[in-house]
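The lines below spell out each chain.
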Amino acid sequence: MLYLVSYNCSMPTDVKSRIESVLKTMPGWWHHLETTWIVASQLNLQQVTDMIHQAAATGDKILVVDITADSYNGWLPSKAWDWLRNENERERNQAQPPG
């Protein structure tokens, strides 16, 4: 699965570092916007959210959205779009039964 993760830390330095450490444990991740990440994980949405929440501080805001489908748009470097396309393709291939 691919997840868009966005957060707003009430205590930026320490908490931001802890959250980023959690996100970097995911099998795949992309980070080009300051507090927005895209991560690839076999964990479900709740599990990913719980992992990030454990690293967050009281009052922090976290949004995690499943973006595994090909419905995304914006203005990013071509390298970002390549990464998204490649990860989505990999996810689709893993989801298909062998045959």
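In what follows, the accompanying structure is described. (Residues numbered from 1 in each chain as written. Predicted model: local features only at pLDDT ≥ 70, side-chain atom pairs only at ≥ 80, totals over all residues. Heavy atoms only, no water.)

A word on the environment of Ala-40. For Ala-40, the location among the structural elements is in strand β3 (residues 36-40). Ala-40 sits 47 residues away from Glu-87 along the chain, and the two C-alpha atoms are 7.4 Å apart. For Ala-40, the contacting residues outside a window of four places in its chain are Met-1, Leu-2, Met-26, Pro-27, Gly-28, Glu-87, Arg-90 and Glu-91. (Helix = DSSP H or I, 4+ residues; strand = E, 2+ residues; numbered from the N terminus. Contact = heavy atoms within 4.5 Å.)

The next point concerns the side chain of Ser-41. With respect to the helices and strands, Ser-41 occurs in the loop between β3 and α2 (45-55). With relative accessibility at 4%, the residue Ser-41 sits in the buried group. Not counting chain neighbours up to four residues away, the residues in contact with Ser-41 comprise Met-1, Tyr-3, Met-26, Pro-27 and Val-48. (Buried < 20%, exposed > 50% of the residue type's maximum accessible area, 1.4 Å probe, protein only.)

This next bit is on α2. Along α2, the residues that are buried comprise Val-48, Ile-52 and Ala-55. Buried residues of α2, viewed axially, fall in a sector of 55 degrees; they line one side. Exposed residues lying more than 90 degrees from the buried face of α2 are His-53 and Gln-54. If you check the start of α2, you find a side-chain oxygen 3.0 Å away from the backbone N of Gln-46, and it comes from Asn-44. (Arc of directions from axis to C-beta. Polar contact = N/O pair within 3.5 Å; in protein donor to acceptor, adjacent residues only side chain to side chain.)

For strand β2 (residues 28-33) and β3, the ladder comprises five bridges, and the chain directions are antiparallel. In the sheet register, His-31 faces β3, and the bridge partner there is Trp-37. Adjacent in sequence and paired antiparallel, β2 and β3 are bridged by two residues. (Pairing = 2+ DSSP bridges.)

Here five bridges tie strand β1 (residues 2-8) to β3, and the two strands are oriented antiparallel to one another. Each residue of the ladder has a partner; that of Leu-4, found in β3, is Ile-38. Note that β1 and strand β4 (residues 61-66) share six bridges and pair antiparallel. Residue pairing for β4: Val-5 is matched across the bridge by Val-64.

Now for the sheet that holds β1. Taking strand neighbours across the sheet as the criterion, the four strands line up as β2-β3-β1-β4 in an open arrangement whose pairing is antiparallel. With partners counted over all chains shown, the strands left at the sheet margins are β2 and β4, one partner each. Sheet twist, expressed as the average angle between the axes of neighbouring strands with direction ignored, equals 20 degrees. Here α2 sits on the sheet in contact with β1 and β4, set at roughly 155 degrees to β4. (Axes fitted to C-alpha atoms, helices over the stretch in contact; angles between N-to-C directions.)

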